[in-house]
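Chain residues, written in single-letter form:
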Amino acid sequence: MDNLIEKTIAFVKQQLQNAEGGHDWFHIERVYKNSVLIAKEENCNLEIVQLGALLHDIADSKFHNGDESIGPKTARNFLESVNVSEETIAHIICIIENISFKGGNFDKKFTSKELEIIQDADRLDAIGAIGIARTFNYGGFKNRQLYNPEILPNLNMSKEEYKNSEAPTLNHFYEKLLLLKDKMNTETGKKIAQERHNYMETFLEQFYGEWNGNK
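Residues numbered from 1 in each chain as written. Predicted model: local features only at pLDDT ≥ 70, side-chain atom pairs only at ≥ 80, totals over all residues. Heavy atoms only, no water.

Novice: How should I be thinking about unusual backbone geometry in this particular structure?
Specialist: Where the residue is not glycine, phi is negative for most of them; where a peptide bond is considered, it is trans in most cases. At N83, a position not held by glycine, the phi torsion is positive, near 65°. Within the secondary structure, N83 sits in the loop between α4 (70-81) and α5 (86-98). Judged by relative accessible area, N83 falls into the exposed class, the value being 70%. Here N143, not a glycine, exhibits a phi torsion of approximately 55°, which is positive. Inspection of the secondary structure assignment puts N143 in the loop between α7 (128-141) and α8 (159-164). Overall, the relative accessible area of 70% leaves N143 in the exposed class. (Helix = DSSP H or I, 4+ residues; strand = E, 2+ residues; numbered from the N terminus. Buried < 20%, exposed > 50% of the residue type's maximum accessible area, 1.4 Å probe, protein only.)

Printed below as a string of structure tokens:
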């Protein structure tokens, strides 16, 4: 198994060598480490957790004109090339297809303990200090405003509206990041998420104070 994980890491690093800073190899590495951490407290298949975490963002649809099929295809082609069983491949593809937030209005068509673990790890990387950094990094990548008081967050977006939103970066806190604490699956994930959630609330308080000239 160690050799398979090493091959997967090398593949992912190569695939994401020119990726946007919030969705690069280091994002994958953090999700991988958090997945392994959470898995220690859960009854699960560790190999699927490891492979799923490494491949969960191998071709994020928002960097491929919204095409959600590229990630699963890329993962399948790699896993077949290293002779992973079809049962394991199918499970990992289901994880990739069901892990994303998608505006919060997306019904998962698949559930497993391994998906829950990786989803928690992925969501943990979207909140707290790193989550804040990633959010503004992506906002800059898309040339979005930091904040515009006249453009209010939209909490009722469809999946397509969420994917195509060009709202100011700060709106993303209300449309996704602050919602994640209550969407965690595992006890370990919930505990870590609460700490990171509190940090984001402190950041927003400071942000508004500086914006309004009060701090």
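Following the structure, the description resumes.
Novice: Is there a simple way to think about the side chain of D122 in this case?
Specialist: Topologically, D122 is positioned in helix α6 (residues 113-124). Of the side chains with opposite charge, R134 lies nearest to the buried D122, which makes no salt bridge, at 5.2 Å. (Lys, Arg positive; Asp, Glu negative; His and termini not counted. Salt bridge = Lys/Arg side-chain N within 4 Å of Asp/Glu carboxyl O.)

Novice: Is there a simple way to think about helix α1 (residues 2-15) in this case?
Specialist: The end-to-end C-alpha separation of α1 is 20 Å, in line with the 20 Å expected for 14 residues at 1.5 Å each. Among all positions in α1, only L4, I5, T8, F11 and V12 are buried. Looking straight down α1, one finds its buried side chains confined to an arc of 125°; they lie on one side. Exposed residues lying more than 90 degrees from the buried face of α1 are D2 and E6. Here the buried face of α1 lies against α2 (25-39), α3 (46-55) and α4. (Expected span 1.5 Å × (residues − 1). Arc of directions from axis to C-beta. Contact = heavy atoms within 4.5 Å.)

Novice: Explanation requested: the environment of R196 in the structure shown.
Specialist: With respect to the helices, strands and loops of the structure, R196 is situated in helix α10 (residues 187-211). Counting along the chain gives 188 residues from R196 to T8, while the straight-line C-alpha distance between them is 29 Å.

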